[in-house]
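Tertiary structure, described
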Amino acid sequence: MTSRSQSPVQSGLKVELRIDVDTFRGTRIGVPNLCRLLKARGIRATFFFSVGPDNMGRHLWRLLRPAFLLKMLRSRAASLYGWDILLKGTFWPGPLIGAKLGAAIRAAAADGHEIGVHAWDHHAWQSRIDRMDAAEIDRDLRRAFDELTRIVGTSPTCSAAPSWKANDLVLSRKMEFPFRFNSDCRGTGVFVPIVGGSPLQIQVPVTLPTYDESIGQAGLTDATYNEFLLSRLVPDGLNVLTIHAEVEGDSRMHLFKEFLDLAQARGVDFTPLGDCVGQGPWPRGKIVSGTLSGREGWVAVQEPISG
């Protein structure tokens, strides 16, 4: 049972809701669950879809890394994700998500949610981005973009790099696509990234921690998680929350449902990410590599350089 203690309603609280869909199971089960939940509450969000092969089980080799093993144990990954996710693509090629589950993606678009590119092959991007050249990045983005366009019937308007792994080359290659904005990094506010002295597409960074980064840290449990998350919201500021179809749309759906109930009872509004990008002008900044508590490896982070 989660905590239901209430803090005072604060004016100006808004959460930009981002939903990452990384896997076959997340698309098949999590997306319809979340669409029903959000529709019942009149909430629109931004869905970022992985649409190529689901090879996420190939991450199991990372158990050899102490930081990743600790995260898997702390988040109780087997019960959080399920063994079909943890083993997908390990002993046989992973299924093509978009080809088999296009109906779930179309349903999210039909409900009015913003649709964006996450990846063609989430695992490949996450594990190889440091070694990918411009042609490989272009190919991955193009395959995902074209597949989402085929499925939905319109071009995706935004993108988000898997696991917040993006660099200057990634940002530059995305300029070849008609994205209104990208959400490739962690940070504090909307900004225009500068690469080689040139301004690129607007970035909407994620500002709030994710469930898997937070749970188990400093004694945080499911019973205290929602109050912890609500305490991190900044009035009149950017509050970008990432949830995962595999988690909040499945094994922790009850927890997310309560979070929405608690937040809406306190006057919190939920919007897709794209609703905040037309309110510029925005400061300029850089994206650099950094680390986050609870997350293994490097992530792209916002580094402001001018007002």
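Here we summarise the structure given alongside this text. A quick note: this is a predicted structure, and the numbers were derived from the prediction, not measured.

**Digging into helix α12 (residues 253–265)**
Counting along an α-helix, one turn takes 3.6 residues, and residues three or four places apart therefore face a common direction. Look at α12: 18 Å from first C-alpha to last across 13 residues, which is about the 18 Å you get at 1.5 Å a residue. Within α12 the residues assigned to the buried category are Leu255, Phe256, Glu258, Phe259, Leu260, Leu262 and Ala263.

**Points about the layout of surface pockets**
There is about 260 Å³ of room inside the largest pocket. For the largest pocket, the lining is made up of 14 residues, of which Arg186, Pro209, Glu213, Arg232 and Ser293 are closest to its centre. Roughly 220 Å³ of internal volume is contained in the second largest pocket. Lining the second largest pocket are 14 residues, and of these Glu16, Gly237, Leu238, Cys276 and Gln279 lie nearest its centre. Taken together, the residues of the lining of the second largest pocket sort by class into four nonpolar, six polar and four charged.

**Examining the packing of helix α10 (residues 222–231) against α12**
At a minimum axis distance of 10 Å, the contact between α10 and α12 shows a crossing angle of 40 degrees. Judged by the angle between their axes, α10 and α12 are oblique. Both α10 and α12 take part in a crossing whose hand is right-handed. Residues Asp222, Tyr225, Asn226, Glu227, Leu229 and Leu230 of α10 form the contact with α12, whose own contacting residues are Leu255, Glu258, Phe259, Leu262 and Ala263. Among the residues making up the contact of α10 with α12, the classes are represented as seven nonpolar, one polar and three charged.

**Some details on the nonpolar core**
For soluble globular proteins, the rule of thumb is that nonpolar side chains tend to be buried together. Core analysis: the biggest nonpolar cluster contains 62 residues, and Leu17, Ile19, Phe47, Phe49, Phe256 and Phe270 have the highest contact counts within it. Setting aside its immediate chain neighbours within four residues, Phe47 contacts Ile19, Val21, Val31, Leu34, Cys35, Ala108, His113, Glu114, Ile115 and Gly116. Of all hydrophobic cores here, the second largest spans 17 residues; its members include Phe48, Trp164, Val206 and Leu238.

**Focus on the pairing of strand β11 (residues 284–290)**
When a strand is regular, its side chains alternate between the sheet's two faces. Across two bridges, strand β6 (residues 192–195) lies against β11 in parallel orientation. From the neighbouring strand, Pro193 faces β11, where its bridge partner is Gly285. Relative to strand β12 (residues 299–304), β11 is paired through six bridges, and the arrangement is antiparallel. The residue bridging Lys286 from the neighbouring strand is Glu303, located in β12.

**Here's the deal with the packing of aromatic side chains**
Taken as a whole, this structure holds eight aromatic pairs when the rule is applied. With 5.7 Å between their ring centres and 10 degrees between their planes, Phe47 and Phe49 make a pair best called stacked. With a centroid separation of 5.6 Å and 15 degrees between ring planes, the pair formed by Phe177 and Phe179 is classed as stacked. Across the pair, Phe179 and Phe177 agree in class, each one buried.

What counts as what
- Residues numbered from 1 in each chain as written.
- Predicted model: local features only at pLDDT ≥ 70, side-chain atom pairs only at ≥ 80, totals over all residues.
- Heavy atoms only, no water.
- Helix = DSSP H or I, 4+ residues; strand = E, 2+ residues; numbered from the N terminus.
- Expected span 1.5 Å × (residues − 1).
- Buried < 20%, exposed > 50% of the residue type's maximum accessible area, 1.4 Å probe, protein only.
- 1 Å grid on protein atoms, 1.4 Å probe; cavity = no way out; pocket = protein on both sides within 12 Å on 5 of 7 lines; lining within 4 Å.
- Points joined across faces, edges and corners; volume = space filled by probe spheres on them.
- Nonpolar A, V, L, I, M, F, W, Y, C, P; charged D, E, K, R; others polar.
- Axes fitted to C-alpha atoms, helices over the stretch in contact; angles between N-to-C directions.
- Parallel < 35°, antiparallel > 145°, perpendicular 65-115°, else oblique.
- Left-handed = near helix turned anticlockwise from the far one by under 90°.
- Contact = heavy atoms within 4.5 Å.
- Core = buried A, V, L, I, M, F, W, Y, C linked by side-chain atoms within 4.5 Å.
- Pairing = 2+ DSSP bridges.
- Phe/Tyr/Trp six-rings, centres within 6.5 Å; stacked < 30°, edge-to-face > 60°.

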